[in-house]
Amino acid sequence: LLEVANKCGNTAVMLTAHAKSLDNIIKSYKSGAASFLPKEKLTDIEIFLLDILEAKRQGRDPWWRWAKRLWDFWKNEFGENWESPNKEFFEKLKRL
């Protein structure tokens, strides 16, 4: 679906219940998803969507606030230093 959305010029957000993995986060980013959100954060979806719309208006990467909003969630999910296997990628996200 992400590929179809991209071909049509639509903004796609990956929502996941069971595919929570570092590889899937990276794959979603590299494949053009505007964000990658776990089901536990769906109650905050309005905030994430507004971040994406603001990024588009400002010409920024739609993931620009992803690290700020979700860093602690992923730390709780995967443990301390969760980003270590892909540190360069996740450091890039923090700098967006």
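Look above for the structure.
As the structure is a computational prediction, the values presented were derived from the model and not from experiment.

### Quick notes on the pairing of strand β2 (residues 35–38)
Okay, step 1: Both faces of β2 are covered, namely the face carrying S35 and L37 and the face carrying F36 and P38.
Okay, step 2: Across 4 bridges, the pairing between strand β1 (residues 13–16) and β2 is parallel. Note that in β2 the partner of L15 across the bridge is L37.
Okay, step 3: Each parallel crossover has a hand, and the one from β1 via helix α2 (residues 22–30) to β2 is right-handed.

### Considering the nonpolar core
Okay, step 1: Residues I25, W66, W74 and F90 are the most contacted members of the largest nonpolar core, which totals 18 residues.
Okay, step 2: Those elements that place two or more of their residues in this core are α2, β2, α4 (66–78) and α5 (87–95).
Okay, step 3: Looking at which element gives the most residues to this core, the answer is α4, with 6 residues.
Okay, step 4: Residue contacts for W66: discarding those within four places in its chain leaves I25, S35, F36, W71, W74, W82, F90 and L93.

Parameters at a glance
Residues numbered from 1 in each chain as written. Predicted model: local features only at pLDDT ≥ 70, side-chain atom pairs only at ≥ 80, totals over all residues. Heavy atoms only, no water. Buried < 20%, exposed > 50% of the residue type's maximum accessible area, 1.4 Å probe, protein only. Helix = DSSP H or I, 4+ residues; strand = E, 2+ residues; numbered from the N terminus. Pairing = 2+ DSSP bridges. Right-handed = clockwise from strand over helix to strand, strands pointing away. Core = buried A, V, L, I, M, F, W, Y, C linked by side-chain atoms within 4.5 Å. Contact = heavy atoms within 4.5 Å.

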